[in-house]
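Observations on chain architecture
Chain by chain, the residues:
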Amino acid sequence: MSLYVLGRRKINILKALDHQMNIINNMFVIADQKITDYCACVIANDQKNIDKNTKKELQNRHDEVEKRL
C-alpha cells in the first residue's frame, strides 16, 4: 500500500503509520517515566516519610559528600 507524494516520492503508508505510532509510544513511555521520577522525589522529600534513623543516615551521607568536595 503506497502513496505517491507530488509524483516524486513513493511513501509506504503502513510504514509511515507504524513509525508515527512508535514515536507516540516512546513519548508516552518517557512521560510516564518523568511522572514516576517526580512522584518518587516528592515522596522521598516528604517529612512524614523520614524517620529519625533515615534522617541520621542521610545526614551522614551528606557529610561524607561534603568532605570529598
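Look above for the structure.
The paragraphs below set out a description of the structure included in this document. Residue positions are given per chain, counting from 1 as you read along its sequence in written order. Residues qualify for local features only when their pLDDT is at least 70, as the model is predicted, and side-chain atom pairs are given and counted only at 80 or more; totals for whole chains, interfaces and linings, by contrast, use all residues. Excluding hydrogens and water, the side-chain values take into account all heavy atoms of the structure.

The term salt bridge refers to a pairing of a side-chain nitrogen on Lys or Arg with a carboxyl oxygen on Asp or Glu at a separation within 4 Å. This structure, assessed with the given rule, holds one salt bridge. When the shortest N-O distance is used, the salt bridge between Arg61 and Glu57 registers 2.7 Å. Of this pair, Arg61 and Glu57 both sit in helix α2 (residues 52–68), four residues apart, which is roughly one turn of that helix. For the purposes of this entry, the term helix denotes a DSSP run of H or I that reaches at least four residues, the term strand denotes a run of E that reaches at least two, and both are numbered from the N terminus.

A cluster of nonpolar side chains, contributed by Met21, Ile24 and Phe28, occupies part of the molecular surface with about 300 Å² of accessible area. Turning to its location among the elements, Phe28 is positioned in helix α1 (residues 13–45). Patches in this entry comprise residues that are over 30% relatively accessible and not in a salt bridge; like charges within 9 Å are linked, as are nonpolar side chains (Val, Leu, Ile, Met, Phe, Trp, Tyr) within 5 Å. Only the protein chains shown count as cover for residues, and the accessible areas themselves come from Shrake-Rupley with a 1.4 Å probe.

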